[in-house]
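Coordinate inspection notes
Each chain is listed here by its residues.
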Amino acid sequence: QVQLLESGGGLVQAGGSLRVSCAASGRTFSSYTMGWFCQAPGMDREFVAAISWSGGVIYYADSVKGRFTVSRDNAKNTVYLQMNSLKPEDTAVYYCAADFRVLAGTPVVDDFASWGQGTQVTVSS
């Protein structure tokens, strides 16, 4: 099972930008579909973005379309989430997730077998 470690969270003002990263262990990273989810206090974990093993298929939640960009570097075993025009409602713990399943349609939490510990993103108004 792949091990995932997020980094890059922090505090940013509304309208600002932040990039979070997720480094994966193992030699099969390029075979994984990768996802980003977020969870605010008292809320369910929600889908943010997902990217196929090749990077050729990408999905976003409607709430982040046009503001967030997911990408991956298979040579570095890393997936990124670039977050621009951040809003206070983006405040949450951001988790990356991995699974071997083929990305076909917007994924849900149960589609992913491996999860990182999460990184806190706080957007102040």
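Residues numbered from 1 in each chain as written. Predicted model: local features only at pLDDT ≥ 70, side-chain atom pairs only at ≥ 80, totals over all residues. Heavy atoms only, no water.

**Digging into the overall build of the protein**
The test is simple: Runs of E in the DSSP output that reach at least two residues are strands. Runs of H or I that reach at least four are helices, and both are numbered from the N terminus. In this description the radius of gyration comes from C-alpha coordinates, and the expected globular size is given by 2.2 Å times residues to the power 0.38. A simple rule labels every residue: compare its accessible area, found with a 1.4 Å probe on the protein chains alone, to the largest value its type can have, and call it buried under 20%, exposed over 50%, or partly exposed in between. Note on contacts: a residue pair is in contact if any heavy atoms of the two residues lie within 4.5 Å.
In terms of helices and strands, the protein carries 0 helices and 11 strands. The C-alpha radius of gyration of the protein comes to 13 Å, within 12% of the 14 Å expected for a compact globule of 125 residues. The C-alpha extent of the protein, read off along each of the three principal axes, is 40 × 25 × 25 Å. For the protein, the proportion of its 125 residues judged to be buried stands at 43%. When contacts within the protein are restricted to residue pairs at least 6 apart in sequence, those whose partners lie at least 24 apart make up 58%.

**Points about the layout of surface pockets**
Note the cut-off: Method remark: on a 1 Å grid restricted to protein atoms, a set of points is classed as a cavity if a 1.4 Å probe fits but cannot get out and as a pocket if it is open with protein on both sides within 12 Å along at least five of seven lines; lining residues have an atom within 4 Å of a point. Grid points are joined across faces, edges and corners, and a volume is the space filled by probe spheres set on the points. Basically, the charged four are Asp, Glu, Lys and Arg, the nonpolar ten are Ala, Val, Leu, Ile, Met, Phe, Trp, Tyr, Cys and Pro, and anything else, Gly included, counts as polar.
Here the largest pocket is characterised by a volume of approximately 250 Å³. Along the wall of the largest pocket there are 19 residues; nearest its centre are C38, E46, S63, E89 and D90. For the lining of the largest pocket, the elements supplying multiple residues, two or more each, are β4 (33-39), β5 (46-51) and β9 (92-99). By residue class, the composition of the lining of the largest pocket is 10 nonpolar, 3 polar and 6 charged.

**Focus: the packing of aromatic side chains**
Operational definition: Centres within 6.5 Å are what make two rings of Phe, Tyr or Trp a pair, Trp counting through its six-membered ring; a difference in plane orientation under 30 degrees is then read as stacked, over 60 as edge-to-face, and the rest as tilted. Only when the NZ of Lys or the CZ of Arg is both within 6 Å of the ring centre and within 35 degrees of the ring normal is a charge said to sit over the ring.
Going through the model one piece at a time under the given rule, you end up with 5 aromatic pairs. Ring plane angle 75° and centroid distance 5.7 Å describe the contact between F37 and F47, whose orientation is recorded as edge-to-face. Of this pair, F37 sits in strand β4 while F47 sits in strand β5; the two residues are 10 residues apart in sequence, bridging distant segments of the chain. Per residue, the accessibility class of F37 equals that of F47, and both read buried. Summarising the aromatic geometry, the rings of F112 and W115 are spaced 6.2 Å apart at their centres and angled 70° between planes, so their arrangement reads as edge-to-face. Through successive ring pairs, a cluster of aromatic residues spans F37, F47, F112 and W115. Residue placement shows R45 over the ring face of Y95; its charged tip is 3.6 Å from the ring centre. Directly above the aromatic system of F29 lies the positively charged group of R72, at a separation of 4.6 Å from the ring centroid.

**Focus on the nonpolar core**
For clarity, the cut-off: By convention a nonpolar core is built from buried Ala, Val, Leu, Ile, Met, Phe, Trp, Tyr and Cys residues, the set being connected through side-chain atoms within 4.5 Å.
Ranked by internal contacts, the top residues of the largest apolar core, which has 35 residues, are M34, W36, V48, L81, M83 and Y94. Residue assignment for this core shows that the elements contributing at least two residues are β3 (18-24), β4, β5, β7 (68-73), β8 (78-83), β9 and β11 (119-124). The contact partners of M34, leaving out residues within four places of it in the chain, are L4, C22, F29, A49, A50, I51, R72, V79, A97, A98 and F112.

**Thoughts on the pairing of β7**
Spelled out, the test is: We treat two strands as partners when DSSP finds at least two bridges between them.
Along β7, the buried face is formed by F68, V70 and R72; none of T69, S71 and D73, which line the opposite face, is buried. Inspection of the sheet shows β7 paired to β8 by 6 bridges, in the antiparallel sense. Its bridge partner being in β8, S71 is matched across the sheet by Y80. Hairpin geometry of β7 and β8 is characterised by an intervening segment of 4 residues between the two adjacent antiparallel strands and by a positive phi of about 55° at N77.

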